[in-house]
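The lines below spell out each chain.
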Amino acid sequence: MTTLALDDIGVRYGARTALEPVSLDLRAGELVGLIGPNGAGKSSLLKAIAGLVPHRGTATWQSRPLVKMKRLERARTLAYLPQTPAAHWPIRVAELVALGRMPHLAFGQRPGDDDAAAVRWALEQCEALDLADRRVDRLSGGERARALLARALAVRAPILLADEPIQSLDPYHQLKIMGVLKSYASLGALVVAVLHDLALAARFCTRLVLLSHGRVVAEGRPEEVLTRSALEDGYRVEPFFSRHEGELVVLPWRQAGDASKRG
Amino acid sequence: MIADRKLAAATAESQPLLDRRWIDPPFARPFVVLIPLVAIAALASIWVGRTSSGPAFGLGDAALARTILLEIRVPRTLLALLVGGTLGLCGAALQGLLRNPLAEPGLLGASSGAALGAVIVFYFGIAAADSLLLPLGGVAGSIGALALLYALAGRRAALVTIVLAGIAINALAAALTSLALNFAPSPYAALEILFWMLGSLADRSLTHVGLALPLMIPGWLLIVAAARGLDALTLGEEAAATLGYAPARTQWLVVGGTALAVGAAVAVSGVIGFVGLVVPHLLRPWTGHHPSRLLAPSFLAGAALTLAADIAIRLMPPGPELKLGVVTALIGAPFFLHLILRRSGELAS
Amino acid sequence: MPMLEPSSRPRARAGNASRGERRPTDRHAYRRSVRIAASVVAAMLVVFAAPARGALPRVASINLCTDQLVLRLADPSQIVTLSWLSADPEESLLADEAARYPLNYGTAEELLRYDPDVVVAGAFTGAYTRSLLRSLGYTVVDVMPELTVDDIESNLRVVARAIGRAERGEALIAEMRERIRHLERTKPAEPVAAVVVRPGGFTADAGSLAHTLMTLAGLRNVPAEQGLDRWGSLSVETLLRTPAELLIVTPYRTDEPSLANAVLAHPALRAVATRKTAIEIPGAYFGCGLPDSLDAVEIMRRANERLGAANGDAL
């Protein structure tokens, strides 16, 4: 089984330790949700795997440490969708998504037909094909989120890291994006996403990692992780559990330790 | 790549493979116009001269023609091409790096730093006008200015910070140049420096082409190497890094290339501004907004613009020759103002 | 026999036929002695003869000061072109004379077309132009600005030699020296304190031509004594406090508005001018050093004498 093995990944920003050494094995084909309160170290973990911040420990993919790969090889292995994705120039969406094909192009090589096919496939996955000829600066929030996710998909990397990909999207687009991430994982990729929405994390993720204060508090399938005690300790909220159409529904119901609101 | 078979299956369900031009429009069209334009401008520059009674067309009488052509017209034309091209190229690269259309080597202090370096080398007797130390001095000054810019503004600075840092560096370079002028050997030397700094290509020789080229060419190559990285920066620094084009690498390539090429150019011609600002702007609607697509066309258009300005100078009524830097400023400054006014809303964000 | 040839230039010279050499082919002593005699005569003719083609070089000047030196030293037939400043009466003492010649703006292409034999330039005239002209094979003579009488003398000599008028140069120098000796003999006993006010608030620092001329006129340059900075600028306040009796004002383009002239129009300055004796000397006298600069000395000397007479009455 193809595995992303994280050994003692720790992140410090100056004197502050954002993430205590974490060791995890994440397998391909999974949609892994990193959940936890603000400042728990979720983004730091993601950025450490992506190589965007200095960190200790190693991340190894198919027995090869990521840092030892050449930069384009690493870029083909790992795609990253930042928390506040940017598009600085008003270019066409198709060309924006095509930027995701860069890791596959040697110096001076122009994109080929297979790159066009990958772009088209990525846009189709995100149901954004109709946006292809629109200018990126003229899109709505939801449209832009889909376009930028398509860019990350176009890399067709076996690892996709997404930092809060559904933040500030309406419910329709939140469901859509989570669906895209799930189907990408089902194609055999490892998708790791930082999420705040417990309900969506419970429904779509195949695996959850709950972080709090820079440490892994719980890790496993959603039912295993989203227990009352874990959520009260980790998030300091009392959850509400239910089932609908056979799927687990988890909602943060009230702040933990606030007995006065019990009805 | 994730399981190709699964992906291939998924793709086959969608429509047949599309032509790559859908994601990568052809970029030859600007060259079809720009290359002939530069050629025509260069020929005009070789054809037009200037005598005591004003413009002169042609090469004069037969005995002088060869000398006028090879020693006067050709060096001037070549330098206009090289210096103008360098300024256009570096302007496009800096705008791509800073993700903003208001950047150019002059605004960021590279040109005034280079001028200071050249002034110190030449006018204080460290080297003669024909020495290689002169463009090296220009490069040293340019590197110093850009290093200071990054020290002041930092790597992740907002545009406003960078522009303000550029203003500070221009002010500092101007102050140091004034200080240097104060220590000039005589008022006449000081006047000569002042006029030199206004920027001119008059009476340059092939020697100067030979001095500038060895530093310009590596500068251009560094910038070309950064082209893809500039495109990647469209997505922001983090995404660019994960696409294999770390922002630091792109940054050093562009800054280093600009320091070399602009440093050498200014050392030979004095300060010629606004070419790097105006040219990418005029071209963007035509070439598209990808920074990499702007590079080569900006070189050509910068060369054409500089040649045109230099020819205009020679066409003026009889009198002392106007300075090239003055003409480009007359064109560029109103353009810059118009840009700021048009984008004032975007600048605020 | 080898003929004396003018210095040849490899590239730029327009259509000059090359002179051949004839090798000695003598077999008889008689022929040989005739030839030797003929060559001696020819040599003397070339060195001492009246202007023939090649004897007096064609001269171009591209600097205001060297223009005026050339006008004073050269034979009119030699002068090919002078710089445009020399015909401007605000800049040049010899504007009327200069206006008779073609004027240039100091670029290499112009000079190529004039095709001179010698180019006379200032040491600070465009370095690019001078080096390009040299690389084209022209003889370019660089002349430093004149600050003292010795400078004027050495520049006269250098330029005269370069244009083949060494004699005339020596004659002018002798005239100038004589005139200076006369001025020295008739110098008043007490030097009068004076200050020069130039546009922009500049005055004459100790190393300047104006200082030299003032000293010859028997004036004390007060600001120089007080240790001016290198550039010799003087604020109006300093001027008011300077204990000088004579104010020398050099107007320059007074019919054109300029910040520099605004200083001269300062009310405080005008008040000072009425308390001290003020004289005007055209700025062109302080720009370039020529034998004609001594005219300024005489103007200052007369003012000096009037002041001395007035002081004498007052005592």
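Residues numbered from 1 in each chain as written. Chains lettered and ligands numbered in written order. Predicted model: local features only at pLDDT ≥ 70, side-chain atom pairs only at ≥ 80, totals over all residues.

Remarks on the overall build of chain C
At step 1: What chain C contains, in helices and strands, is 13 helices and nine strands.
At step 2: Each of the 315 residues in chain C was classed as buried or not, and the buried ones make up 40%. (Helix = DSSP H or I, 4+ residues; strand = E, 2+ residues; numbered from the N terminus. Buried ≥ 20, exposed ≤ 12 C-beta atoms within 10 Å, placed from the backbone.)

A look at the interface of chain C and chain B
At step 1: Facing the 25 residues of chain C at the interface are 25 residues of chain B.
At step 2: Of all the secondary-structure elements, those providing two or more residues to the side of chain C that touches chain B are β3 (103-104), α4 (108-114) and α5 (127-135) of chain C.
At step 3: By residue number, the principal contributor to the side of chain C that touches chain B is α5(C), which donates six residues.
At step 4: Looking at the side of chain C that touches chain B residue by residue, the classes come out as 14 nonpolar, seven polar and four charged. (Contact = placed C-beta atoms within 7 Å. Nonpolar A, V, L, I, M, F, W, Y, C, P; charged D, E, K, R; others polar.)

Topic: the domain arrangement of chain C
At step 1: What the domain assignment lists for chain C is domain 1 (1-52), domain 2 (59-181) and domain 3 (189-314).
At step 2: Of all the secondary structure elements, the ones that give two or more residues to the side of domain 2 of chain C that touches domain 3 of chain C are α2 (64-73), α6 (149-162) and α7 (166-185) of chain C. (Domains from an automatic or database assignment.)

A short note on the interface of chain B and chain A
A common way to express how large an interface is: the accessible area buried when the components associate.
At step 1: With 31 residues of chain B at the contact, the number on the chain A side is 40 residues.
At step 2: Broken down by class, the residue content of the side of chain B that touches chain A amounts to 14 nonpolar, nine polar and eight charged.

Quick look at the confidence of the model for chain C
Residue and element names in this part refer to chain C.
At step 1: Chain-level statistics for chain C give a pLDDT mean of 79 and a share of 73% at 70 or above.
At step 2: In the predicted structure, residues 1-26 sits below a pLDDT of 50 and forms 28 contacts with residues beyond four places in sequence or in another chain.
At step 3: In this model, residues 49-53 is a region of pLDDT below 50 whose contacts with residues beyond four sequence positions or in other chains number four contacts.
At step 4: As a predicted assembly, this complex carries a pTM of 0.85 together with an ipTM value of 0.91. (pLDDT = per-residue confidence, 0-100.)

What about the confidence of the model for chain B?
At step 1: On average, residues of chain B score 86 in pLDDT, and 89% of them are at 70 or above.
At step 2: Counting interchain partners and residues more than four positions distant, the pLDDT-below-50 stretch residues 11-17 of chain B has eight contacts.

Points about the packing of helix α13 (residues 291-314) of chain B against helix α14 (residues 324-342) of chain B
All names here are of chain B.
At step 1: Two elements in contact, α13 and α14, have axes separated by 10 Å at closest approach and are oriented at 115°. Between α13 and α14 lies a crossing of right-handed hand. Along the contact surface, α13 presents Ala309, Asp310, Ala312 and Ile313, while α14 presents Leu324, Val327, Thr328 and Ile331.
At step 2: Looking at the contact of α13 with α14, its residues break down into six nonpolar, one polar and one charged. (Axes fitted to C-alpha atoms, helices over the stretch in contact; angles between N-to-C directions. Left-handed = near helix turned anticlockwise from the far one by under 90°.)

Side note on unusual backbone geometry
At step 1: A positive phi is found at A:Ser63, a non-glycine position, where the angle reads about 65°.
At step 2: Within the element layout of this structure, A:Ser63 appears in the loop between β4 (56-61) and β5 (64-65).
At step 3: Unusually for a residue other than glycine, B:Arg99 sits at a positive phi of about 55°.
At step 4: Its 17 C-beta neighbours within 10 Å are what place B:Arg99 among the partly exposed residues.

Quick look at the pairing of strand β2 (residues 54-57) of chain B
Residue and element names in this part refer to chain B.
At step 1: Bridge analysis of strand β1 (residues 48-51) against β2 gives four bridges, and the strand direction is antiparallel. Within β2, the residue paired with threonine 51 across the bridge is glycine 54.
At step 2: The hairpin turn running from β1 into β2, its antiparallel successor, is two residues long. (Pairing = 2+ DSSP bridges.)

Regarding the sheet that holds strand β8 (residues 246-249) of chain C
Through backbone hydrogen bonds, the strands of a sheet pair up, either in parallel or in antiparallel fashion.
Residue and element names in this part refer to chain C.
At step 1: Pairing is parallel in the open sheet, where four strands are placed in the order β7-β6-β8-β9. Where the open sheet ends on each side, the last strands, each with one partner, are β7 (219-221) and β9 (277-280). Recorded for the sheet is a direction-independent mean angle of 35° between the axes of neighbouring strands.
At step 2: Relative to β9, β8 runs parallel, the two sharing four bridges. Across the sheet, residue leucine 246 finds its bridge partner in β9, namely threonine 277.

A closer look at the environment of B:Gly244
At step 1: Note that B:Gly244 resides in the loop between α10 (237-242) and α11 (247-269).
At step 2: For B:Gly244 and B:Leu295, which are 51 residues apart along the polypeptide, the C-alpha to C-alpha distance reads 21 Å.
At step 3: Excluding anything up to four places from it in sequence, B:Gly244 contacts A:Arg71, A:Leu72, A:Arg74, A:Ala75, A:Met102 and A:Pro103.

As for the nonpolar core
At step 1: By size, the foremost hydrophobic cluster in this structure holds 267 residues, and its most contacted members are A:Val97, A:Val191, B:Ala93, C:Val70 and C:Val159.
At step 2: Ranked by the residues each element gives to this core, the list is headed by helix α3 (residues 62-98) of chain B, at 16 residues.
At step 3: Looking at which domains feed residues into this core, each of domain 2 (59-181) and domain 3 (189-314) of chain C gives three or more.
At step 4: Sequence-distant contacts of B:Ala93, that is, excluding residues within four places in its chain, are made with B:Ile223, B:Ala226, B:Leu230, B:Val254, B:Gly257, B:Thr258 and B:Leu295. (Core = buried A, V, L, I, M, F, W, Y, C linked by C-beta atoms within 7 Å.)

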